[in-house]
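Summary of structural features
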Amino acid sequence: MTTEDDNGAETGTGAGTLASPSPGPPGLRERKKAQRYQAISEAAIALFLEKGYDKVSVAEVAAAAEISKPTLFRYFASKEDLVLHRFADHEDEAARVVADRPAKRPALDALQRHFLDGLERHDPVTGLNDAPGVLAYLRLLHGTPALVARLYAYQDRSERALAEALLTAHGGNTLEARLAAGQIVTVRRVLAEENMRRIKAGESAAAVWPDAVTSANRAFAQLRSGLARYA
């Protein structure tokens, strides 16, 4: 079991300290740090789901994760970040899809394929996931005003990153790229919200999937009609 010493350094079998990590192959420190991020976030979300977000203190989260409060804040700058950590890898996802696509593939084609792939694997970001844990997390997220406010900030950063990727990939001007990114991010969000709405109403992800695919294809077709530069 990993604990901490009085100075907030991690101790225990196989664990180094934050300030002086144990030697190992390249990437070991990064993997361990990512695992710690995940463990702290999961401990926090479990408490929030059990007691309610506003009724759990950061000190309680730190105790559940067996770390000190100062150490927790080295990983997460705020209480809200403990929940939104699950979105961290997705913040620049659309931008990465555009940047990493084959050179001759239009941005919208790459983004559409990526969204459809997400639907097929029931990625929670697409809203097409009926796992109880995912549904509980979404209720926590959308039912807590402080988290909703931070989610809007996340969406703004995602939009800005996508705009930069579109500008690099297809040229144009900054305003044009921002307008396009805003439309694309909004379409993805609305599609996900519709999938979530139907699942919350009692439908299964499998039952919603065919309509979700049809709606996504139609939505991206509409985007192409107005965003010719990126199609």
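Residues numbered from 1 in each chain as written. Predicted model: local features only at pLDDT ≥ 70, side-chain atom pairs only at ≥ 80, totals over all residues. Heavy atoms only, no water.

1. Overview of the side chain of His90
Keep this limit in mind: The helix count covers DSSP runs of H or I at least four residues long, the strand count covers runs of E at least two residues long, and both are numbered beginning at the N terminus. A simple rule labels every residue: compare its accessible area, found with a 1.4 Å probe on the protein chains alone, to the largest value its type can have, and call it buried under 20%, exposed over 50%, or partly exposed in between. Here, two residues are considered to be in contact whenever any of their heavy atoms come within 4.5 Å of each other.
Structurally, His90 is set in the loop between helix H4 (79-84) and helix H5 (93-100). On the basis of relative accessibility, which here comes to 16%, the residue His90 falls in the buried class. Excluding residues within four positions of it along the chain, His90 makes contact with Asp123, Val125 and Tyr154.

2. Quick notes on the confidence of the model for the protein
The cut-off we apply is this: As a per-residue quantity, pLDDT reports the predictor's confidence and falls between 0 and 100.
In this model, the protein carries a mean pLDDT of 87, and residues with pLDDT of at least 70 account for 89%. Confidence over residues 1-25 falls short of pLDDT 50; this stretch has 43 contacts with residues more than four positions distant or in other chains.

3. Points about the pattern of salt bridges
How we decide: Each salt bridge in this description consists of a side-chain nitrogen of Lys or Arg and a carboxyl oxygen of Asp or Glu lying within 4 Å of one another.
All told, the structure shown has 16 salt bridges when counted by the stated rule. The salt bridge partner of Arg224 is Asp109, with a shortest N-O separation of 2.6 Å. With Arg224 in helix H10 (residues 205-226) and Asp109 in helix H6 (residues 107-120), this residue pair connects regions lying 115 residues apart in the sequence. As a salt-bridge pair, Asp123 and Arg121 come within 3.4 Å of each other at their nearest N and O atoms. Ionic contacts of the salt-bridge type, sharing partners, join the residues Glu80, Asp81 and Arg150 into one network.

4. Observations concerning unusual backbone geometry
A positive phi angle is found at Glu66, which is not glycine, with a value near 60 degrees. Counting through the fold element by element, Glu66 comes out in the loop between helix H2 (58-64) and helix H3 (69-75). Phi is positive for His122, close to 55 degrees, though the residue is something other than glycine. Within the secondary structure, His122 is located in the loop between H6 and helix H7 (132-142). Taking the relative accessible area as the measure of exposure, His122 reaches 25% and is therefore partly exposed.

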